[in-house]
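Here is how the chains run, residue by residue.
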Amino acid sequence: AGLPFLTTAGRGYYDRQEVWDVLNLLRVLHNPSDDLALAAALRSPMFALSDDALFALRMNFRLDSNQPILLMDALKLAAENQGMVPPDEQIAVDFAWACLERLRRQAGRVTIADLLRAALDATDYLVILSGLPDGARRRGNVEKLVAKAETSGKIGLGAFTRYLSDLSESEA
């Protein structure tokens, strides 16, 4: 009928894409060998790498075993060596590597909330979310995650991601 409405619900919060994006980033900062979380973070609006760039990164193999190298190692190689990803993606790859390295150095030295704020500032993720459809709600969801980090009492990334997993399971 075209009437404006607002849906208020506590369920499904942890299934929101913007929440998943941030959680995947935290998983990568906690465990750089988590290729799935890294691929999801790189593909998210935080870094916005294309499928072609991710495929190019994934096609790097160890010479001794013909096994793919870790995606984080491939990202580092691509940032250090031009030509490993499509040329129009090189700047995004360089940015992603530099940003992840900077955040990894901060992890464990600052609170989870401060780490999240640093990540959101470095990637302009909140600004990007604001420009998407339903941007105010998306931004609010991420800000709620930062608030949860502040009140959780958790210090380590592993403890915080387990804490959020427990909350997500109890929500379902």
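Everything below is about the structure shown above.
Just so it is clear, the model here is predicted, and its values are computed rather than measured. (Residues numbered from 1 in each chain as written. Predicted model: local features only at pLDDT ≥ 70, side-chain atom pairs only at ≥ 80, totals over all residues. Heavy atoms only, no water.)

(A) Spatial organisation of unusual backbone geometry. One non-glycine residue, Asp-124, lies in positive phi territory at about 55°. Look at Asp-134: it is not a glycine, yet its phi comes out positive at around 60°. Position of Asp-134 among the secondary structure elements: in the loop between helix 7 (125–130) and helix 8 (135–152). (Helix = DSSP H or I, 4+ residues; strand = E, 2+ residues; numbered from the N terminus.)

(B) Summary view of helix 6 (residues 112–123). Across its twelve residues, helix 6 extends 16 Å between first and last C-alpha, which sits within 8% of the 16 Å expected from 1.5 Å per residue. Buried residues of helix 6: Ile-112, Ala-113, Leu-115, Leu-116, Ala-119, Leu-120 and Thr-123, and no others. Seen from one end, helix 6 has its buried residues packed into an arc of 160°, which puts them on one side. Remark: Asp-124 follows helix 6 within two positions and exhibits a positive phi of approximately 55°. (Expected span 1.5 Å × (residues − 1). Buried < 20%, exposed > 50% of the residue type's maximum accessible area, 1.4 Å probe, protein only. Arc of directions from axis to C-beta.)

(C) Quick look at the packing of helix 1 (residues 17–30) against helix 6. Helix 6 packs onto helix 1 with a crossing angle of 115° between their chain directions and a minimal axis gap of 11 Å. As the angle between them shows, helix 1 and helix 6 are arranged roughly perpendicular. Taken as a pair, helix 1 and helix 6 cross one another with a handedness that is right-handed. The segment helix 1 lies against helix 6, with Val-22, Leu-25, Leu-26 and Leu-29 engaging Leu-115, Leu-116, Ala-119 and Leu-120. Residue classes in the contact of helix 1 with helix 6 are distributed as eight nonpolar, no polar and no charged. (Axes fitted to C-alpha atoms, helices over the stretch in contact; angles between N-to-C directions. Parallel < 35°, antiparallel > 145°, perpendicular 65-115°, else oblique. Left-handed = near helix turned anticlockwise from the far one by under 90°. Contact = heavy atoms within 4.5 Å. Nonpolar A, V, L, I, M, F, W, Y, C, P; charged D, E, K, R; others polar.)

(D) Seen up close, the packing of aromatic side chains. For the coordinates displayed, the defined rule picks out two aromatic pairs. Taken together, a centroid distance of 5.9 Å and an interplanar angle of 50° make the contact between Phe-47 and Phe-95 tilted. One end of the pair, Phe-47, is in the loop between helix 2 (35–43) and helix 3 (51–58); the other, Phe-95, is in helix 5 (residues 90–106), with 48 residues separating them in the sequence. Judged by its relative accessible area of 4%, Phe-47 falls in the buried class. (Phe/Tyr/Trp six-rings, centres within 6.5 Å; stacked < 30°, edge-to-face > 60°.)

(E) Region of interest: the environment of Leu-70. Position of Leu-70 relative to the elements: it lies in the loop between helix 3 and helix 4 (71–80). The partly exposed category is assigned to Leu-70, whose relative accessible area is 29%. For the pair Leu-70 and Ile-91, spaced 21 residues apart in sequence, the C-alpha separation works out to 21 Å. If near-sequence neighbours (up to four positions away) are discounted, Leu-70 is found in contact with Ser-33, Asp-35 and Arg-58.

(F) Region of the structure containing a nonpolar patch on the surface. On the surface, a cluster of nonpolar side chains totalling about 310 Å² of accessible area is made up of Phe-55, Met-59 and Phe-61. Along the chain, Phe-55 turns up in helix 3. For Phe-55, a relative accessible area of 56% translates into the label exposed. (Patch = residues over 30% accessible without salt bridge, like charges linked within 9 Å, V, L, I, M, F, W, Y side chains within 5 Å. Areas by Shrake-Rupley, 256 points an atom, 1.4 Å probe, with all protein chains shown as cover. Salt bridge = Lys/Arg side-chain N within 4 Å of Asp/Glu carboxyl O.)

(G) Expanded view of the packing of helix 5 against helix 6. It is the contact of helix 5 with helix 6, at a shortest axis distance of 10 Å, that shows an interaxial angle of 165°. The angle between helix 5 and helix 6 places the two elements in the roughly antiparallel class. Crossing geometry of helix 5 relative to helix 6 is assigned as right-handed. For the pair helix 5 and helix 6, the contacting residues are Phe-95, Cys-99, Arg-102, Leu-103 and Gln-106 in the first and Leu-115, Ala-118, Ala-119, Ala-122 and Thr-123 in the second. When its residues are assigned to classes, the contact of helix 5 with helix 6 shows seven nonpolar, two polar and one charged.

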